[in-house]
Amino acid sequence: MLLKVRAKPGSKKPGVEKVSADLWVVRVRERAVDNKANEALVEAVREELGLPSRNVRMIGGFKSREKVLEMIE
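Residues numbered from 1 in each chain as written. Predicted model: local features only at pLDDT ≥ 70, side-chain atom pairs only at ≥ 80, totals over all residues. Heavy atoms only, no water.

K.L.:
For this particular structure, what's the right way to read the layout of surface pockets?
P.N.:
A probe as big as a water molecule, rolled over the atoms, marks out the empty space that is left. Volume-wise, the largest pocket comes out at about 180 Å³. In terms of lining residues, the largest pocket is bounded by 13 residues, among which A32, A37, N38, F62 and K67 are the most central. If you tally residues by element for the lining of the largest pocket, the top one is helix α1 (residues 36-49), at three residues. Split into classes, the residues belonging to the lining of the largest pocket amount to seven nonpolar, three polar and three charged. (1 Å grid on protein atoms, 1.4 Å probe; cavity = no way out; pocket = protein on both sides within 12 Å on 5 of 7 lines; lining within 4 Å. Points joined across faces, edges and corners; volume = space filled by probe spheres on them. Helix = DSSP H or I, 4+ residues; strand = E, 2+ residues; numbered from the N terminus. Nonpolar A, V, L, I, M, F, W, Y, C, P; charged D, E, K, R; others polar.)

K.L.:
Would you mind going over the pattern of salt bridges with me for this structure?
P.N.:
Side-chain pairs of opposite charge can arise whenever the charged atoms involved come near each other. Here the structure, examined in full by the defined rule, presents six salt bridges. Salt-bridge contacts for R6 lead to E66; the nearest nitrogen and oxygen are separated by 2.8 Å. Remark: E66 occurs in strand β5 (residues 66-71) and R6 occurs in strand β1 (residues 2-8); sequence separation between them is 60 residues. Across the pair E47 and R46 runs a salt bridge, and its minimum N-O distance is 4.0 Å. (Salt bridge = Lys/Arg side-chain N within 4 Å of Asp/Glu carboxyl O.)

K.L.:
What is the right way to look at unusual backbone geometry in this model?
P.N.:
For residues besides glycine, phi is generally negative; the peptide bonds are generally trans as well. Look at D34: it is not a glycine, yet its phi comes out positive at around 55 degrees. Residue N35 is not a glycine yet carries a positive backbone phi of 65 degrees. Along the polypeptide, N35 turns up in the loop between β3 (23-27) and α1.

K.L.:
What is the right way to read the environment of K36 from this model?
P.N.:
Mapped onto the fold, K36 is located in helix α1. Taking relative accessible area as the criterion, K36 reaches 46% and is therefore assigned partly exposed. Along the chain, K36 and P9 lie 27 residues apart, while their C-alpha atoms are 9.3 Å from each other. Those residues in contact with K36 that lie beyond four places of it in its chain are E30 and R31. (Buried < 20%, exposed > 50% of the residue type's maximum accessible area, 1.4 Å probe, protein only. Contact = heavy atoms within 4.5 Å.)

Written out as structure tokens, the structure is:
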């Protein structure tokens, strides 16, 4: 399953907002430096879905605010 995610790095209030079935907005405290925001974003989605780390990975948008994540259930 693929999921489009809009990243909001450096947010004061982290969280996951489900805009639609296939678009989420994920706010993380980490800044977009040294891949920290991407790692935090994947972790937030993983926790929201209750999946192990190995089952969620980023497959696109590494340097963009628009990300594509792949979930394996």
